[in-house]
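# What the coordinates show
Listed here are the chains, written in short residue letters.
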2 protein chains.
Amino acid sequence: MIRSLLLTAAAFSLAACAPQSATDAPSKMTDNASSSSQATGFDQTIAVAERKLDVAMRGPLTIPTPKDPGGGYTHETHKANGFMLYDVGQMYKLTGEKKYAEFAGQALLDYAEVYPSYGIHPAKKEQSPGRMFWQNLNESMFLLNISQTYDAIKDTLSDTQKEKIETDLLRNMADFLSVGAPETFNKVHNHGTWATAAVGLTGYAIGDDEYVEQALLGLDKSGTAGFIKQMDVLFSPDGYYNEGPYYHRFALKPFIIFAQAVEKNNPERKIFEKRDGILKTATYSLIHQNYGGLFFPINDAIKEKGIRTDELLNAVAIVYDLTGDTGLLSIAQEQNTFVLTPESRKLSRDLAAGKATPFEYRSMRLGDGQDGTEGALDILRASNDPKGLAAIAKNTSQGLGHGHFDKMGLLVYDAGHEILRDYGAARFLNIEAKFGGHYLPENNKYAKQTVAHNALVVDETSHFNGDVKIGNQHAPKLYGFVNEDGMKLTSAEISTAYDGVRLGRTVAMIEDDAFYGPIIIDLTEAHSESAHSYDLPFHYNGHLIDTNFEVQADPLSRAPLGDKNGYQYLWNVAEADPVDGLSQVTWLLDKKFYSVTSAVPANTKVVFTQIGANDPNFNLKPEPGFILRTRSNDGVSFVSVIEPHGDYNPTAEYTIGSHSAVKSVSHFEGGAAEYILIETKEGQSVGLALGAEDNPDGTHSVDVNGKTITWKGAYKLFNSEKHLSAQ
Amino acid sequence: MIRSLLLTAAAFSLAACAPQSATDAPSKMTDNASSSSQATGFDQTIAVAERKLDVAMRGPLTIPTPKDPGGGYTHETHKANGFMLYDVGQMYKLTGEKKYAEFAGQALLDYAEVYPSYGIHPAKKEQSPGRMFWQNLNESMFLLNISQTYDAIKDTLSDTQKEKIETDLLRNMADFLSVGAPETFNKVHNHGTWATAAVGLTGYAIGDDEYVEQALLGLDKSGTAGFIKQMDVLFSPDGYYNEGPYYHRFALKPFIIFAQAVEKNNPERKIFEKRDGILKTATYSLIHQNYGGLFFPINDAIKEKGIRTDELLNAVAIVYDLTGDTGLLSIAQEQNTFVLTPESRKLSRDLAAGKATPFEYRSMRLGDGQDGTEGALDILRASNDPKGLAAIAKNTSQGLGHGHFDKMGLLVYDAGHEILRDYGAARFLNIEAKFGGHYLPENNKYAKQTVAHNALVVDETSHFNGDVKIGNQHAPKLYGFVNEDGMKLTSAEISTAYDGVRLGRTVAMIEDDAFYGPIIIDLTEAHSESAHSYDLPFHYNGHLIDTNFEVQADPLSRAPLGDKNGYQYLWNVAEADPVDGLSQVTWLLDKKFYSVTSAVPANTKVVFTQIGANDPNFNLKPEPGFILRTRSNDGVSFVSVIEPHGDYNPTAEYTIGSHSAVKSVSHFEGGAAEYILIETKEGQSVGLALGAEDNPDGTHSVDVNGKTITWKGAYKLFNSEKHLSAQ
């Protein structure tokens with residue numbers, strides 16, 4: 001029974017998925033995606049839905065008495081029923097075929113027959129219990145679906161039927177979710193958005209403005225709560241969602257769906273123009289937070305989630321309908337999946353008509369927090385090529401309970417791949433054998449800890465000592481953000497992650513002919529007047545190829561690197577000594593090489609690691625990394641050049657550029673000004689000058705190898721041909 | 001200098017690569033590959049070649065005096081010159097533009113000026129030295145290229161110019177490679193093929209039949225050596241190449257290129273019809289030995305090599321030209337890359353015209369050895385879907401010096417991925433930092449050893465005790481090969497891999513409604529009358545999800561599994577006890593689950609491993625595996641069901657079928673007959689009956705749980721609905 005149920009659930013989810021696609025990952029071959037297959041994308045979605053629904057509608061809907069918690073039979077059945085009824089309603093709207101209206105009408109009547117008898121759910125969650133489901137969040141989702149079904153088919157019902165469905169099902173449920181649960185309904189939180197959206201949609205469906213008003217303005221209609229307040233608070237002005245893109249995606253759906261209904265029913269409210277068009281901004285912001293079709297996996301994130309999810313299929317279609325931005329057609333092409341709405345149909349048709357233009361991926365600073373003043377997610381992209389070099393500096397605030405402790409953490413992508421990666425969440429979503437599909441214990445104990453990220457660790461302790469309450473109170477202080485041809489740069493610092501230590505990081509993406517392509521310069525610093533140990537991990541993706549120092553992995557044994565704060569999950573594979581203050585590590589991924597060349601303090605060790613110690617249940621992925629490790633009495637600085645290079649072509653049997661172009665990296669300071677000098681093996685020099693942050697317009701100078709380099713402004717790149725003349 | 005040289009070399013290799021492709025891997029989205037981009041495939045190849053050659057032809061060719069061995073400057077320069085001159089000649093043929101003929105003519109004159117002065121190469125290899133290169137194999141490759149250049153442009157030259165090039169370069173070199181090196185020229189070996197093809201092409205280019213006759217029939221023109229003899233010997237009647245597909249690919253090029261010239265110049269020889277069309281057969285055989293575009297990585301193989309290599313681009317175009325088989329257009333579509341020949345242009349045009357039909361991938365037994373009697377490579381495919389379930393049983397002979405010690409080794413593919421994998425060669429091709437790009441020491445010490453494969457190991461010792469000379473003398477004895485709807489099966493045994501132990505393996509791919517899709521049944525047996533230990537490794541690809549027994553990875557340490565025969569490279573991660581003689585291991589890869597459910601002897605341990613012990617230089621990939629390990633005084637049998645199942649969909653957030661459908665696997669014997677019974681959790685039974693191999697047409701019976709099951713013939717599948725009635 002469970003198996004057939006789950007197959008049913010899957011079938012309906014599939015109705016919204018591209019039938020022609022064998023995998024969930026967006027196409028890796030966008031260039032080759034043909035317009036002819038796109039032409040029929042929506043038609044195929046319709047065809048698949050027809051086939052699935054024809055099978056599912058053979059008998060009446062199963063409506064079991066609520067009993068099980070999430071994952072259980074009654075829970076999954078009602079959940080699947082809600083999605084199925086949504087599809088049935090949409091199919092009636094799109095095709096006009098009576099069978100859909102008849103089935104949906106009867107199903108809603110059946111639900112109306114039993115719903116009034118449902119008390120609080122026997123497996124209720126302590127906070128915000130539901131009736132059909134264990135928590136009222138699921139009840140909101142159900143109502144969001146079936147209120148749209150009712151709206152689609154109500155004209156086919158008799159007055160008596162309408163009366164019964166409206167009174168016993170829709171009003172009954174809407175009342176339960178609004179006046180019956182004011183603490184959720186009035187909460188400025190995504191659960192509140194689901195509730196207000198569901199109740200508001202119900203109001204439009206049954207023609208009761210009271211529900212709509214309450215949804216938009218809170219139960220007392222004062223505007224201190226409700227949907228509009230949520231729009232004002234839950235996204236930053238740049239459309240960043242505090243918990244990061246994984247939860248952003250989830251929160252976006254009720255916003256977009258209900259706002260669309262408001263736009264249609266009350267266009268005078270200009271809901272999509274509110275707060276400078278925040279819902280459109282939030283949609284774009286989410287799109288910008290993807291690489292290769294997958295969302296940046298900061299904080300608790302299932303790494304496979306990306307732009308092909310149902311939420312973003314709806315949002316892209318609706319925003320395209322509003323704006324006509326043909327760049328969104330490129331996103332739809334990458335999604336290659338359509339949903340059962342007229343907007344998605346329009347998207348599919350315009351795509352087939354060849355109207356797509358490239359989506360303008362670009363570097364941007366997405367301010368975090370309601371006012372955009374609590375740090376930022378900084379995205380540096382070398383170009384608008386979605387497969388080009390990209391660096392993400394996580395200068396955001398904590399992101400609540402799902403946040404990870406990686407202030408100023410760094411992610412790097414290139415050539416369609418993760419290069420320096422974030423572990424994401426330790427979780428196998430919905431896989432029962434893996435801790436019931438929930439977050440694994442290793443999520444808190446490893447994945448959230450600082451050492452699991454490309455972020456500076458002090459004294460082998462996580463930021464804020466791993467305390468989320470303290471973390472939530474502090475965000476990094478932002479310095480410059482540069483987005484110019486040839487140089488993108490972000491800089492930030494935080495003094496609250498550790499007592500008595502101020503952490504700073506400047507990440508620049510620069511272009512210079514001295515290199516194979518764009519490179520990243522990473523200046524990670526700690527300022528302190530007391531003795532500390534410092535670990536800067538690089539969780540690289542690929543196979544270790546070369547180092548500029550001797551290194552030998554222990555042939556016969558492994559031991560954990562530590563016993564707490566995530567270190568207990570890392571095997572200590574090897575330790576090595578950099579040469580003359582320079583560490584260079586090169587790895588191979590797919591067809592390219594990547595080198596990290598770092599200027600490090602004299603006593604630095606390079607520790608090579610592999611994830612997997614203290615993992616008796618095989619829960620973690622055995623990913624490699626290396627850590628720049630040192631101790632200091634007065635702070636530290638690591639300057640690294642992260643450099644994609646070369647071409648490994650086993651098909652045509654040649655390899656070029658397997659060696660880094662970088663000969664040395666040096667770091668010079670003059671007061672508060674700094675100068676990073678990169679010398680290449682071919683004798684060229686490139687400099688990055690950083691002026692004092694508190695005097696961005698001033699003139700700065702630093703003594704570099706006996707010559708004074710002077711510049712004006714906070715950040716200046718000295719390209720190779722200009723380097724000498726600047727002296 | 002080196003860098004610009006290598007860039008030049010790469011540039012010319014690139015002239016034969018698809019300009020529109022960002023990666024070398026064939027398209028993963030064949031369904032979506034648009035005909036419009038295919039339409040211009042060849043045109044783009046031309047455009048890229050034009051651009052590259054325009055740059056390269058700005059100055060005269062650099063012709064350095066021979067000095068360096070392979071990989072060195074003079075070697076790589078001459079090599080690149082050869083490829084470039086080939087491209088220049090082809091471009092003249094294809095475009096008629098004079099500049100190409102002029103450049104090539106001058107370059108050939110320049111070479112003719114210096115070549116007579118080249119003695120034996122100063123860095124000569126001991127066997128078969130060259131003059132321009134350290135070994136004459138490279139000289140053959142060079143001549144193969146430039147003889148075609150000369151043929152293409154000779155009509156633009158004066159008689160004096162022709163005389164000089166023919167005498168001082170072409171004849172000089174052809175003589176050196178034929179009468180000057182009879183031991184290579186007359187050798188029935190792929191080096192001989194390169195030499196005869198080069199000399200034969202020279203004969204056609206300069207109009208001297210003597211060279212052609214020598215090339216075809218050996219120096220004495222008796223036919224005991226030469227190209228035709230090589231055609232008779234180097235491929236099996238099924239077109240299998242003894243060393244496996246990686247070297248097959250390399251050997252194929254001179255065969256195909258010279259044969260094409262013979263066909264054009266001497267059609268009466270019907271060269272492509274010889275030996276039942278062996279060169280066409282060998283081309284098809286190589287295509288069949290790919291999955292997901294990559295060759296089966298048996299023996300020493302760089303795993304990235306596949307159908308997109310230059311050799312197979314030429315072969316597919318030429319065989320298509322000969323046969324008009326539109327199934328080859330599907331291969332061209334997957335190759336998505338074209339070369340500078342009229343045949344490749346035709347391929348591209350016909351593809352663009354929509355003439356492609358699916359390539360008929362199917363199950364097949366490819367006999368090994370000159371007469372096809374030295375074992376076989378057995379390929380089982382569930383369907384003609386190139387991404388469907390496939391199993392490869394390596395029942396071949398040793399495959400000479402590059403052969404691995406894995407008699408009856410098993411590879412499994414599904415959903416576009418390796419599921420049970422072969423490590424391939426331990427080598428980073430052309431990557432200097434990794435042992436100069438040569439085979440790593442770990443290739444002999446790990447990758448060739450039996451334990452590195454999915455093959456039965458006795459007494460922790462490799463087959464033939466790892467002695468290639470002994471291995472080359474023995475091939476498995478083949479039993480049945482079944483290719484029916486619902487059941488594909490292969491069976492083989494060998495008694496020479498170990499003293500006093502006869503190994504047998506039967507691999508069946510069956511379909512039954514009791515399962516999610518096709519499954520594989522693997523019966524691995526050893527017959528012996530003395531005490532031995534037995535290890536059956538499964539090198540699985542994915543993340544361990546579940547087992548039917550308790551297993552705990554050691555949290556704090558790792559130690560190697562052994563100290564020789566490859567075992568020293570495996571970490572012992574965990575040991576566990578199967579439950580009631582049943583071991584079930586489930587892993588996740590991409591979006592599907594895979595379970596191996598094995599009936600094992602009572603004292604069996606399951607040992608979980610990870611590659612990486614004794615690897616101080618980080619040369620090996622940290623891949624996981626598990627080993628069924630037992631001891632016995634009288635042989636052993638392991639019966640495993642290898643079962644793809646379920647759907648992990650994190651995008652739409654559902655997971656179905658994460659648990660194996662198999663409840664139990666049992667093995668019954670009755671005399672020489674055997675019966676494998678699979679019972680599912682839903683109460684169904686499926687049986688595979690194996691009759692005595694020496695009585696394939698007889699009637700057999702086995703007592704199964706107190707009931708006698710009787711059947712006629714060597715192999716019979718009892719599907720679930722038939723199982724009960726058969727009792």
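Residues numbered from 1 in each chain as written. Chains lettered and ligands numbered in written order. Predicted model: local features only at pLDDT ≥ 70, side-chain atom pairs only at ≥ 80, totals over all residues. Heavy atoms only, no water.

### Side note on the overall build of chain A
Using the following cut-off: Helix and strand labels come from DSSP, where a helix needs a run of H or I of at least four residues and a strand needs a run of E of at least two; each type is numbered from the N terminus. Whether a residue is buried, partly exposed or exposed follows from its accessible area with a 1.4 Å probe, protein chains only, as a fraction of its type maximum: under 20%, in between, or over 50%, in that order. In this analysis, two residues are considered to be in contact whenever any of their non-hydrogen atoms come within 4.5 Å of each other. Per-residue and other accessible areas were derived by the Shrake-Rupley procedure at a 1.4 Å probe size, with only the shown protein chains allowed to occlude residues. This count recognises Lys and Arg as positive and Asp and Glu as negative, with His and chain-terminal groups excluded. Lys charges are placed at NZ, Arg charges at CZ, Asp charges at CG and Glu charges at CD.
Helix and strand counts for chain A come out as 19 helices and 29 strands. In terms of overall dimensions, chain A has a C-alpha envelope of 90 × 55 × 50 Å along the principal axes. When burial is assessed residue by residue, chain A has 63% of its 727 residues classed as buried. Within chain A, contacts between residues at least 6 apart in sequence are counted, and of these 67% link residues at least 24 apart. Summing over all exposed atoms, chain A offers an accessible surface of approximately 25,100 Å²; the carbon and sulfur share of this is 47%. Averaging the coordinates of the 65 positive side-chain charges in chain A and doing the same for the 92 negative ones gives two points 4 Å apart.

### Structural notes on the packing of helix α4 (residues 73-95) of chain A against helix α5 (residues 98-114) of chain A
Residues and elements named next belong to chain A. Definition in use: In this description, a line fitted to the C-alpha atoms serves as the axis of each element, helices being fitted only across the stretch in contact, and the angle between N-to-C directions of two axes falls anywhere from 0 to 180 degrees. We call a crossing left-handed when the near helix sits turned anticlockwise from the far one by less than a right angle, and right-handed when that turn is clockwise. Each residue receives one of three labels: charged for Asp, Glu, Lys and Arg, nonpolar for Ala, Val, Leu, Ile, Met, Phe, Trp, Tyr, Cys and Pro, and polar for the others, Gly being one of them.
Running from N to C, α4 and α5 cross one another at 145 degrees; their axes reach a closest spacing of 8 Å. You can see that α4 and α5 cross each other, and the crossing is left-handed. Of α5, the residues touching α4 (which contributes H78, N81, M84, L85, V88, M91, Y92 and T95) are K98, Y100, A101, F103, A104, A107, L108 and Y111. For the contact of α4 with α5, the residue count by class is 12 nonpolar, 3 polar and 1 charged.

### Overview of the nonpolar core
Stated formally: What is meant by a nonpolar core is a set of buried Ala, Val, Leu, Ile, Met, Phe, Trp, Tyr and Cys residues, joined one to another through side-chain atoms within 4.5 Å.
Residues L169, F258, L503, F608 and F626 of chain A are the most contacted members of the largest nonpolar core, which totals 178 residues. Examining the composition of this core, we find that 12 residues originate from one element, helix α12 (residues 245-265) of chain A, more than from any other. When sequence neighbours within four positions are dropped, the list of residues in contact with L169 of chain A reads L108, Y111, A112, Y115, I146 and K164 of chain A. With 177 residues, the next largest nonpolar core counts L286, L328, A553 and F638 of chain B among its residues.

### Quick notes on the environment of E693 of chain B
Residue and element names in this part refer to chain B. If you trace the backbone, E693 turns up in the loop between β26 (685-690) and β27 (699-704). Along the chain, E693 and A673 lie 20 residues apart, while their C-alpha atoms are 8.3 Å from each other. Ignoring any residue separated from it by four or fewer positions in sequence, one finds E693 in contact with Y479, G480, S491 and Y715.

### Section: the environment of G670 of chain B
Residue and element names in this part refer to chain B. Of note, G670 is situated in strand β24 (residues 662-670). On the basis of relative accessibility, which here comes to 28%, the residue G670 falls in the partly exposed class. Other than its neighbours up to four places away in sequence, G670 contacts S701 and V702.

### Section: empty space enclosed by the protein
Residues and elements named next belong to chain A. Basically, it comes down to this: Using a 1 Å grid laid over the protein atoms alone, points where a 1.4 Å probe fits but cannot get out form a cavity; open sets with protein on both sides within 12 Å along at least 5 of 7 lines form a pocket; any residue with an atom within 4 Å of a point counts as lining. Grid points are joined across faces, edges and corners, and a volume is the space filled by probe spheres set on the points.
Scanning the model with the defined rule gives 5 cavities of 30 Å³ or more in all. For the largest cavity, the calculated volume is near 60 Å³. Taken together, H78, K79, G82, F83, F133, N138, M141, F142 and N145 make up the full set of residues lining the largest cavity. The set of elements that each furnish at least two residues to the lining of the largest cavity consists of α4 and α6 (136-153).

### Comments concerning the sheet that holds β26 of chain B
Residues and elements named next belong to chain B. Here is the rule we go by: A pair of strands counts as paired when DSSP detects no fewer than two bridges linking them.
The antiparallel open sheet is built from 4 strands, whose spatial order is β24-β25-β26-β29. The open sheet has two free edges, formed respectively by β24 and β29 (715-718), since each of these has just one partner strand. Each strand of the sheet is rotated relative to its neighbour by a mean of 10 degrees, with strand direction disregarded.

### Digging into helix α14 (residues 310-323) of chain B
Residues and elements named next belong to chain B. Convention followed: In this scheme, a helix's expected span is set at 1.5 Å multiplied by one less than its residue total.
For α14, built from 14 residues, the straight-helix expectation of 20 Å at 1.5 Å per residue is met to within 8% by its first-to-last C-alpha distance of 20 Å. Of all the 14 residues making up α14, 10 are buried; the element is thus mostly covered by neighbouring parts of the structure. Buried residues of α14: E311, L312, L313, N314, A315, V316, A317, I318, V319 and Y320, and no others. Looking one or two places after α14, you find G324, whose phi comes out positive at around 65 degrees.

### Description of the packing of aromatic side chains
Filter applied, for reference: Each Phe, Tyr or Trp ring (for Trp, its six-membered ring) is paired with any other whose centre lies within 6.5 Å, and the angle between the two planes then decides the class: stacked below 30 degrees, edge-to-face above 60, tilted in between. Two thresholds decide whether a charge sits over a ring: the Lys NZ or Arg CZ must be within 6 Å of the ring centre and within 35 degrees of the ring normal.
For the structure on display, the rule yields 51 aromatic pairs over all chains. Look at Y540 of chain A and F626 of chain A: their rings are 6.0 Å apart centre to centre, the planes differ by 45 degrees, and that puts the pair in the tilted class. Of this pair, Y540 of chain A sits in the loop between β13 (532-538) and β14 (543-547) while F626 of chain A sits in strand β20 (residues 624-632); the two residues are 86 residues apart in sequence, bridging distant segments of the chain. When its relative accessible area of 3% is taken as the criterion, Y540 of chain A is described as buried. Assessed through its relative accessible area of 0%, F626 of chain A is described here as buried. Note on Y675 of chain B and F718 of chain B: the rings are 5.7 Å apart at their centroids and 55 degrees apart in plane angle, and the pair reads as tilted. A residue pair is termed long-range when its members are at least 10 positions apart, and Y675 of chain B in strand β25 (residues 673-680) and F718 of chain B in strand β29 qualify at 43 residues. One exposure class covers both Y675 of chain B and F718 of chain B, and it is buried. Three or more aromatic residues joined by ring pairs make a cluster, and in this case those are F538, Y540, F549, W587, Y594, F608 and F626 of chain A together with F618 of chain B. The ring of Y423 of chain A is capped by K621 of chain A, whose NZ or CZ atom sits 4.5 Å from the centre of that ring. Lying across the ring of F176 of chain B, R131 of chain B places its NZ or CZ 5.3 Å from the centre.

### Describing helix α3 (residues 41-56) of chain B
Residue pairs spaced three or four apart in an α-helix point in one direction, given the helix's 3.6 residues per turn. Residue and element names in this part refer to chain B. This is how the line gets drawn: What the arc describes is the spread of directions from the helix axis to the C-beta atoms.
Its 16 residues place the ends of α3 23 Å apart at the C-alpha level, agreeing with the 22 Å of an ideal helix rising 1.5 Å per residue. Within α3 the residues assigned to the buried category are G41, F42, T45, I46, V48, A49 and L53. Axial view of α3: buried residues confined to an arc of 165 degrees, hence all on one face.

### Remarks on the pattern of salt bridges
Let me state the cut-off plainly: Any carboxyl oxygen of Asp or Glu within 4 Å of a side-chain nitrogen of Lys or Arg constitutes a salt bridge here.
The full count for this structure, using the stated rule, is 64 salt bridges over all chains. With a shortest N-O distance of 2.8 Å, D378 of chain B and R365 of chain B are connected by a salt bridge. Taken together, the positions of D378 of chain B in strand β4 (residues 375-381) and R365 of chain B in strand β3 (residues 364-367) put the pair 13 residues apart, joining distant regions of the chain. Look at the salt bridges and you will find they share partners, linking R249, K305 and E311 of chain A together with E653 of chain B into a network.

### So, the confidence of the model for chain A
As a reminder, the rule being used: The quantity known as pLDDT measures the predictor's confidence residue by residue, on a range of 0 to 100.
Residue-level pLDDT values for chain A average 92, and 94% of them are 70 or greater. Segment residues 1-39 of chain A: pLDDT under 50, and 90 contacts once partners within four positions in sequence are set aside and those in other chains are kept.

### Some words on the packing of helix α5 (residues 98-114) of chain B against helix α6 (residues 136-153) of chain B
All names here are of chain B. Let me state the cut-off plainly: An angle counts as roughly parallel when it lies under 35 degrees, as roughly antiparallel when it exceeds 145, as roughly perpendicular when it falls between 65 and 115, and as oblique in every other case.
α6 packs onto α5 with a crossing angle of 130 degrees between their chain directions and a minimal axis gap of 10 Å. Taken together, α5 and α6 sit at an angle that is classed as oblique. Two packed elements cross with a definite hand, and for α5 against α6 that hand is left-handed. Contacts from A101, A104, G105, L108 and Y111 in α5 reach F142, I146, T149, Y150 and I153 in α6.

### Some words on the pairing of strand β19 (residues 605-611) of chain B
Within a regular strand, side chains alternate between the sheet's two faces. Residues and elements named next belong to chain B. Summarising burial for β19: 6 of the 7 residues are buried, a large majority. Inspection of the sheet shows strand β16 (residues 570-576) paired to β19 by 6 bridges, in the antiparallel sense. In the sheet register, E575 faces β19, and the bridge partner there is V607. Across 6 bridges, β19 lies against strand β20 (residues 624-632) in antiparallel orientation.

### Side note on the sheet that holds strand β6 (residues 409-414) of chain B
All names here are of chain B. Spatial ordering of the open sheet is given by β3-β4-β5-β6-β7, a layout of 5 strands whose pairing is antiparallel. The open sheet has two edge strands with one neighbour each: β3 and β7 (417-420). Here the average twist between neighbouring strands, direction ignored, is 20 degrees. Here β6 pairs with β7 via 3 bridges, running antiparallel. Looking across to β7, one finds that Y413 is bridged to E418.

### Focus on unusual backbone geometry
Residues and elements named next belong to chain B. Here the phi dihedral of F435 falls at roughly 60 degrees; this positive angle occurs in a residue that is not glycine. In this structure, D580 is a non-glycine residue whose phi angle is positive, near 50 degrees. Tracing the backbone through its elements, the reader meets D580 in the loop between β16 and β17 (582-589).

### With respect to the side chain of N314 of chain A
Residue and element names in this part refer to chain A. Relative to the helices and strands, N314 resides in helix α14 (residues 310-323). A relative accessible area of 6% means that N314 is categorised as buried. Not counting the four nearest positions on each side in its chain, N314 is found in contact with K253, I256, I257, V339 and T341.

### What to know about the environment of F515 of chain B
All names here are of chain B. Here F515 lies in the loop between β11 (501-510) and β12 (519-528). F515 sits in the buried class, given a relative accessible area of 5%. When the C-alpha positions of F515 and R558 are compared, they lie 38 Å apart, and in sequence the two are 43 residues distant. Apart from the residues lying within four places of it in its own chain, the contact partners of F515 are E643, A661, V662, I678, T680 and V686.

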